[in-house]
Amino acid sequence: AMAASGQNVAVVVHRAGDLRLENRPIPEPGPNEVLLRMHSVGICGSDVHYWQHGRIGDFVVKEPMVLGHEASGTVVKVGSGVTHLKPGDRVAIEPGVPRETDEFCKTGRYNLSPTIFFCATPPDDGNLCRYYKHSANYCYKLPDNVTFEEGALIEPLSVGIHACKRAGVTLGSKVFVSGSGPIGLVNVIVAKMMGAASVVVTDISASRLQKAKEVGADFTVQVKNETPQEVASKVESVLGCMPEITVECTGVQACIQAGIYATRSGGTLVLVGLGPEMVTVPIVNAAVREVDIRGIFRYCNTWPVAIALLASKRINIKPLVTHRFPLEKALEAFETTKRGEGVKVMLKCDPNDQSP
């Protein structure tokens, strides 16, 4: 019954620990929106976190919220003002849409706009459902040779593109990526693509480090219970020098500390992973060695770049998908992600098309 046409099954978090499959009405697109039949949606650590804890920092689940923000689908209806898309177009969805053209939008940094709409960040609903409407300007047509799953993976890939740009990765860079989850892995892929000569990855999991090797890491270091200084010196010894760039993808205090110690004087540390609000770090060490510490918030202007890379086969992100579940088995898929199995778990939202 759930799969009957006209039904809009959605994966909804009500509060911490309470995840449900529900029927929602099929939305009607506004003048500048498109209605999409969703195809592939990846599960992100943040989706799991909202389910487990009901909040991330100041973003609290107060009303039931549809999860999902790594997504692709097919246009089934267009609003009256939409000219660049038509029914049948396959698209990748950029989940962050500014609500007004403020100063951040004018300077091209719309991700920093305080009123931005963002899928599956309270109170904004995500797109882990059968039918979803979205701003047409933030839906990007996929070329025929780019799969729906690749389209959905553009969202995590974008974090890597944005982080590596902020880091200043360039021809011959030596790069240290801390953490080998999905975001660590996309940073490895993008850093290599942008010309990094060597990339070293650390993690506590041997299987995750194996995946890093598969996607192009030159060196891996399995961390057990070393001090941050010890981790930094291991990184230096495998690279043969201190890295100019460190991309920290865990948010763990000890890893941020190791990132500061590891980065060459005059280099750059980009903080991607988010952990506790307050962390203790050797800031004076960074300051006196002129190590620049930069943050990132999601991404901006990355979808066209990512689509061009995928269409030209310059990068391969298909190996990131390790599990697939139909939408009806969303709870099982979320449990799999929570246990840390595989890399990226994909939910297939179209009962008539479960292909990648």
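Residues numbered from 1 in each chain as written. Predicted model: local features only at pLDDT ≥ 70, side-chain atom pairs only at ≥ 80, totals over all residues. Heavy atoms only, no water.

Named according to an unreviewed UniProt entry, the protein chain is Sorbitol dehydrogenase originating from Sylvia borin. Listed under Cofactor (unreviewed entry) in UniProt, the entry text for the protein chain is "Zn(2+)". One UniProt comment on the protein chain, placed under Sequence similarities (unreviewed entry), says "Belongs to the zinc-containing alcohol dehydrogenase family." (UniProt positions renumbered as here; feature names shortened; annotations may be inferred.)

Draft legend 1. The overall build of the protein chain, seen in detail. Along the protein chain, the regular secondary structure elements total 10 helices and 20 strands. Its C-alpha radius of gyration of 20 Å places the protein chain within 12% of the 21 Å reference for a compact globule of 356 residues. Dimensions of the protein chain, computed from C-alpha atoms along their principal axes, come out at roughly 60 × 40 × 35 Å. Looking at the protein chain as a whole, 54% of its 356 residues are labelled buried. Sequence separation of at least 24 residues holds for 68% of the intrachain contacts in the protein chain that already meet a minimum separation of 6. Only carbon and sulfur atoms are counted for the fraction: they give 54% of the accessible area of the protein chain, which is about 15,200 Å². Within the protein chain, the 36 negative side-chain charges are centred at a point lying 3 Å from the centre of the 37 positive side-chain charges. (Helix = DSSP H or I, 4+ residues; strand = E, 2+ residues; numbered from the N terminus. Rg over C-alpha atoms; globule rule 2.2 N^0.38 Å. Buried < 20%, exposed > 50% of the residue type's maximum accessible area, 1.4 Å probe, protein only. Contact = heavy atoms within 4.5 Å. Areas by Shrake-Rupley, 256 points an atom, 1.4 Å probe, with all protein chains shown as cover. Lys, Arg positive; Asp, Glu negative; His and termini not counted. Charge placed at Lys NZ, Arg CZ, Asp CG, Glu CD.)

Draft legend 2. Broad picture of the packing of helix 1 (residues 45–53) against helix 10 (residues 330–338). Where helix 1 meets helix 10, the axes come as close as 10 Å, and the angle between the chain directions of the two elements is 100°. Between helix 1 and helix 10, the angle falls in the class roughly perpendicular. Here D47, V48, W51 and Q52 of helix 1 lie close against helix 10, whose contacting residues are F334, E335, T337 and K338. (Axes fitted to C-alpha atoms, helices over the stretch in contact; angles between N-to-C directions. Parallel < 35°, antiparallel > 145°, perpendicular 65-115°, else oblique.)

Draft legend 3. Region of interest: the layout of surface pockets. Space inside the second largest pocket adds up to approximately 550 Å³. As for the second largest pocket, its lining consists of 27 residues, and the residues nearest its centre are E33, Y132, K133, H134 and S135. Sorting elements by how many residues they give to the lining of the second largest pocket places strand 11 (residues 131–135) first, with five residues. Residues of the lining of the second largest pocket, tallied by class, amount to 13 nonpolar, nine polar and five charged. (1 Å grid on protein atoms, 1.4 Å probe; cavity = no way out; pocket = protein on both sides within 12 Å on 5 of 7 lines; lining within 4 Å. Points joined across faces, edges and corners; volume = space filled by probe spheres on them. Nonpolar A, V, L, I, M, F, W, Y, C, P; charged D, E, K, R; others polar.)

Draft legend 4. Spatial organisation of a nonpolar patch on the surface. Residues I283, V284, V288 and I293 make up a contiguous nonpolar surface patch of roughly 380 Å² in combined accessible area. Here the nonpolar patch gets three residues from one element, more than from any other, and that element is helix 8 (residues 283–288). Mapping I293 onto the fold places it in strand 18 (residues 292–295). We classify I293 as partly exposed; its relative accessible area is 35%. (Patch = residues over 30% accessible without salt bridge, like charges linked within 9 Å, V, L, I, M, F, W, Y side chains within 5 Å. Salt bridge = Lys/Arg side-chain N within 4 Å of Asp/Glu carboxyl O.)

Draft legend 5. Up close: the packing of aromatic side chains. Summed over the entire model, instances satisfying the criterion amount to five aromatic pairs. Note on Y110 and Y138: the rings are 5.9 Å apart at their centroids and 75° apart in plane angle, and the pair reads as edge-to-face. A residue pair is termed long-range when its members are at least 10 positions apart, and Y110 in the loop between helix 2 (103–106) and strand 10 (117–118) and Y138 in the loop between strand 11 and strand 12 (139–141) qualify at 28 residues. Judged by its relative accessible area of 16%, Y138 is buried. For the pair F118 and Y299, a centre-to-centre distance of 6.5 Å together with 40° between the ring planes defines the contact as tilted. Note that F118 is positioned in strand 10 and Y299 in the loop between strand 18 and helix 9 (303–311), a separation of 181 residues in sequence. Of the aromatic side chains, those joined through ring pairs into one cluster are F118, Y140, Y299 and W303. Lying over the aromatic face of F118, R298 brings its terminal NZ or CZ to 3.6 Å of the ring centre. (Phe/Tyr/Trp six-rings, centres within 6.5 Å; stacked < 30°, edge-to-face > 60°. Lys NZ or Arg CZ within 6 Å of the ring centre and 35° of its normal.)

Draft legend 6. Quick look at the nonpolar core. If you look at the biggest cluster of nonpolar residues, it comprises 92 residues, and the most contacted ones within it are L36 and F334. The biggest single contributor to this core is helix 3 (residues 148–167), with nine residues. Residues from two domains meet in this core; each of domain 1 (8–145 + 313–348) and domain 2 (159–295) gives at least three. Apart from the residues within four sequence positions on either side, L36 is in contact with T74, V75, V76, V91, I93, R130, Y131, Y132, H134 and C139. Among the nonpolar cores identified, the runner-up in size contains 10 residues, and F176, V223, L239 and A262 belong to it. (Core = buried A, V, L, I, M, F, W, Y, C linked by side-chain atoms within 4.5 Å. Domains from an automatic or database assignment.)

Draft legend 7. Highlighting the pairing of strand 16 (residues 245–248). Burial along strand 16 is two-sided: I245 and V247 facing one way and T246 and E248 facing the other are all buried. Relative to strand 16, strand 13 (residues 174–178) runs parallel, the two sharing four bridges. Its bridge partner being in strand 16, F176 is matched across the sheet by T246. Pairing analysis gives four bridges linking strand 16 to strand 17 (residues 268–271), with the strands arranged parallel. What sits directly across from E248, in strand 17, is L271. (Pairing = 2+ DSSP bridges.)

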